[in-house]
Structure formats: C-alpha cells, structure tokens
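One-letter residues, chain by chain:
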Amino acid sequence: MPSKEISTWLATASLPQFPKLTKDIETEVAIIGGGLAGLFSAYLLAKAGKKVVVLEKHRISRMGTGFTTGFLTQSIDTDTVDQVSMYGDKDTRRIWESHGKAIDLIEKIVRDEKIDCEFTRCTNYLYANDRKELKALEEEAREMRRLGFKASLTKRELGFKSRGALAIPDQGKYHAVKFVAGLCKALERMGVDIYEKTEVVEIQGSGKGRERFTVIAGKREIRADWTITATYQPFNNPKEVFLQKGMYVSYIIELEVPKGKYPEGTYEDLDNPYHYFRVDKGRGKNGKDRVLIGGEDHRKEVGTKKMEEKSFKALREYAQEVFGRKYPEVRQWSGYILEPVDGIAFIGEYDPRQLIATAFSGNGMTYSGISAMIFRDSIAGKKNPYIELYRPGRTPTLNQLWKKGRDFTEEFFRGAVANVFK
C-alpha cells in the first residue's frame, strides 16, 4: 500500500538534528529558513568568510525541499516562447544561464564535499502528447535554437506514448535530502550554527546606516548585520512580494518499472496543468528502475480531501495512459509550489541589508542555487548579473500578467475543475 505521509527522499535518507535556540546570540548574517535555499546560502556565505546562523521553525528540509522531485533544469515552468514575449531575448538568455550556473554549482559542491546524493547529469525531455502539443514543441525548439540554447528535436525511442520530444542535454537530477545532509556536515565543519524548532516572528530594525537588526525568535534575540528570509512563503510578507504570488499543490507518485524500460532522465509535457516525471536507474526494489511522476497542480485554496483523491486518481490515469500499463506504486505524496505572478522568482534585497528568496515555481532546486549566489555577492558588495532580473519589488508588465494569468486560468479549469467532474 503506498505511503501517503512521506516522500521518496525523506523515506530513503536521514537528516541530522540540531538544537533549539536557548540564548541570545550575535552574528553577521541571520538566515530564516532551513530549506535548501537557506542552507545553500549559508554554505556560500561561510565559504566567503561570513559568520552565519540558520533559524528553522520546524526541522530542516521537512517542507518544500523534502517534497520536491529533484529536477535540475534550465528550462523553467514558463515556455521559452512566452519568456521571449514577456522578458525579451536578453533576459530569457539570462534566465537560462542562471539556472545552468546553479546546476554547475551543485555539481561542484557534490564533488568538493564528496556528497553521495545520486547526482546525475542527464537529458531533460519536453514531450508532446498530441499533434497540438507537437506543433507547440516545434515552435519551442525553433525559439531555443534561435537563442543559442542546446536543444534538439529527437526521434529517439523513449519507450512510452508520445508524439515527439525536445531533448535538452546536460541537465541533472539528484536526491535532494541526501544533498542537504551532506551540506549540513560541511556547514558544521565551517562553524555555521543551525537551530531547529526556533520560530522567528519578527525582524526589528531599519537597516539604515550602521544599525543592526534584532531578529525575534520566541524569547530569544539574534543581533545581525544582514537578514535573509528563505522560508518558502515569507513569514513577514514584505510589501515588495505581497500579492505577487500564489500557492499551488502538486501531486507525485513513485512507481517501480522494469530495468532499462525507459531512458534515464527527466521529462515534462506541454499540457496545462502539465505533468513531469524522472527515471532513476536501479533505485527501486529488486533492482528495478524508479519513476517519480507528478502533476495535476491546482490552487491550494480549492484543495479538499475529495480534490486530493481525484487529483491522485487523475495522475494515475495519466501515468497508465502514457506508459501503456499500470505499474506497482510504492508511495504517494503532495508538495506545495509557490508561483510568481510574472513567471520568475523574487530574489534579492527588498530593504537595506534585508534579503528575500521566494516564489520558485517548479524550479526550486536551481533557484536555491541562484539565490545563494545573489546573496553572497550582495553581502560582499559585488556585482551579480542576475540581481535586476530577479529583484523583489519589480513591477510586472501587463503582458507578463496577462500571459501568466491565462496559464493559471487554463490550469484551473483543465485541472482542478475537470477533475471534480470525473
């Protein structure tokens, strides 16, 4: 019987435990949030010689990071064709480049810290389910090639039902929780203090001049020169990102498939709501391969027990249709996705010496790396090529709002509403 309480990652790895904060402390950088974005940032800042403290409300990586599917891709949830229309050629290239640098950084840390986290370079396939999607895929391929991205239409036999696929080489996937566990070992060695079950309720101070911040966590105070809020959904709701995002629920099931039946890699379709899956070699029981397949996303506000049941049912039906048969199911879970209104994350300084990272959409693994690089450079006073691109407080254009609003509306009616009447 599939497990409904725990993800594949939390079921197959253990995380270290850290104490609760019991005294007032001082630091250079206080990071609120012990998910991947917070820990990644702590690692780069510690490498740069900064004194860092991480404060986590619950347990590290038990929220977004622990319930991801561990995709590492340069293609984001907004199609390249729409990106060009919304941001122009220059910024579309920057989006692609920044996610590529994040994958490279993860690979470097895995190598440098000798982290056994199943990191694998692989191809990401965008595949078409029907003729309409194939036409959109061909347009996507033309735009990617025009921008100089490495991508090509492939006729390679993928082993499942599809009309065609766009192959993007040299992407990646990994075991997110094992990566976090390895990162924590490195952070402890570098002198980073991590506190769990320590809920931050307020940040006091303006950041003007030399004034230090006072971070309030229960009855304890943390004095800091800089603060980073990396809590997935910002606990303090700064005006720069308030009403600029929406929370969605995505559903995932783990399947056991015959060894070598499908090429190892990551896969996404062009449907709305879209579906995605990854194939891992020999990680299942009895040497079988593992497939994690997800989708059927909908707004959190419309979520009910009945909606959850129908969404999982629709996901299973989709999996059976694509793979042509029903495979043994190991477990199921759901995770949250925070969508930005204009298609890309909010990362950077929203007030003097106060930084934030939020609204990562379905690309949280790479956005966490991008956040860490931006924060390191911001605190060091260095120029970063992506600061303006992801700046909190930016004003979305009408075209950006219309494009994403159209996608969200279509997703709602073709996903949540359609599933209710099935």
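Residues numbered from 1 in each chain as written. Predicted model: local features only at pLDDT ≥ 70, side-chain atom pairs only at ≥ 80, totals over all residues. Heavy atoms only, no water.

Caption draft 1: Geometry of the pattern of salt bridges. Scanning the entire structure with this criterion turns up 28 salt bridges. Arginine 212 is the partner of glutamate 26 in a salt bridge, and the nearest nitrogen-oxygen pair spans 3.2 Å. With a gap of 186 residues between them, glutamate 26 in strand β1 (residues 25-32) and arginine 212 in the loop between β8 (200-204) and β9 (213-217) connect regions that are remote in the sequence. For glutamate 26, a relative accessible area of 57% corresponds to the exposed category. A salt bridge links arginine 94 to aspartate 91; the nearest nitrogen and oxygen atoms lie 3.8 Å apart. You can see arginine 94 and its partner aspartate 91 sitting in helix α3 (residues 80-112), three residues apart, about one turn around the helix. (Salt bridge = Lys/Arg side-chain N within 4 Å of Asp/Glu carboxyl O. Helix = DSSP H or I, 4+ residues; strand = E, 2+ residues; numbered from the N terminus. Buried < 20%, exposed > 50% of the residue type's maximum accessible area, 1.4 Å probe, protein only.)

Caption draft 2: Looking closely at the confidence of the model for the protein chain. Mean pLDDT over the protein chain stands at 88; residues scoring 70 or higher make up 88%. Overall, residues 415-421 carries pLDDT values under 50, and its contacts beyond four positions in sequence, including any with other chains, amount to 14 contacts. (pLDDT = per-residue confidence, 0-100. Contact = heavy atoms within 4.5 Å.)

Caption draft 3: Summary view of the nonpolar core. One finds Tyr174, Phe179, Ile194, Ile228, Ile347, Tyr367 and Tyr390 to be the most contacted residues of the largest nonpolar core, which totals 70 residues. With near-sequence residues (within four places) excluded, tyrosine 390 lies in contact with Ile95, Ser98, His99, Ile344, Ala345, Phe346, Ile347, Tyr367, Ile370 and Ile374. One finds Val249, Ile253, Val257 and Tyr262 within the second-largest nonpolar core, a separate group that totals 25 residues. (Core = buried A, V, L, I, M, F, W, Y, C linked by side-chain atoms within 4.5 Å.)

Caption draft 4: The arrangement of the packing of aromatic side chains in detail. Counted according to the given criterion, the structure contains 20 aromatic pairs. With a centroid separation of 5.0 Å and 20° between ring planes, the pair formed by tyrosine 125 and tyrosine 267 is classed as stacked. With tyrosine 125 in strand β4 (residues 120-128) and tyrosine 267 in strand β12 (residues 265-269), this pair connects stretches of sequence that are 142 residues apart. Across this residue pair, the class does not change: tyrosine 125 and tyrosine 267 are buried. Taking 4.4 Å as the distance between ring centres and 5° as the angle between the ring planes, the aromatic pair formed by tyrosine 267 and phenylalanine 277 counts as stacked. Here tyrosine 267, found in strand β12, pairs with phenylalanine 277, found in strand β13 (residues 276-280); they are ten residues apart in sequence, far enough to count as distant. Clustering of aromatic rings is evident, with ring pairs tying together Tyr125, Tyr127, Phe160, Tyr262, Tyr267, Phe277, Phe323 and Tyr327. (Phe/Tyr/Trp six-rings, centres within 6.5 Å; stacked < 30°, edge-to-face > 60°.)

Caption draft 5: Seen up close, the environment of tyrosine 125. For tyrosine 125, a relative accessible area of 3% puts it in the buried group. Among all residues touching tyrosine 125, those that are not within four sequence positions of it are Thr154, Arg156, Leu158, Ala165, Leu166, Ala167, Thr266, Tyr267 and Glu268.

Caption draft 6: Fine view of helix α2 (residues 36-47). With twelve residues, α2 should reach 16 Å at 1.5 Å per residue; the first-to-last C-alpha distance of 16 Å fits that figure. Of all the residues in α2, the buried ones are Leu36, Ala37, Gly38, Leu39, Phe40, Ser41, Ala42, Tyr43, Leu44, Leu45 and Ala46. Positive phi appears at glycine 49, one or two residues downstream of α2, with a value of about 90°. (Expected span 1.5 Å × (residues − 1).)

Caption draft 7: Looking closely at unusual backbone geometry. A positive phi angle is found at glutamate 118, which is not glycine, with a value near 60°. Looking at where glutamate 118 falls in the secondary structure, it is placed in the loop between α3 and β4. Non-glycine residue lysine 197 carries a positive phi angle of around 50°. Examined against the element boundaries, lysine 197 turns out to sit in the loop between β7 (193-195) and β8.

Caption draft 8: Geometry of the environment of serine 371. For serine 371, the position within the fold is in helix α7 (residues 364-380). Among the residues examined, serine 371 registers a relative accessible area of 0% and is labelled buried. For the pair serine 371 and glycine 348, spaced 23 residues apart in sequence, the C-alpha separation works out to 7.5 Å. Ignoring sequence-local partners within four residues, the contact set of serine 371 consists of Ser41, Ile347, Ala357 and Phe360. Polar contacts involving the side chain of serine 371 include one to the main-chain carbonyl oxygen of tyrosine 367, which spans 2.8 Å. (Polar contact = N/O pair within 3.5 Å; in protein donor to acceptor, adjacent residues only side chain to side chain.)

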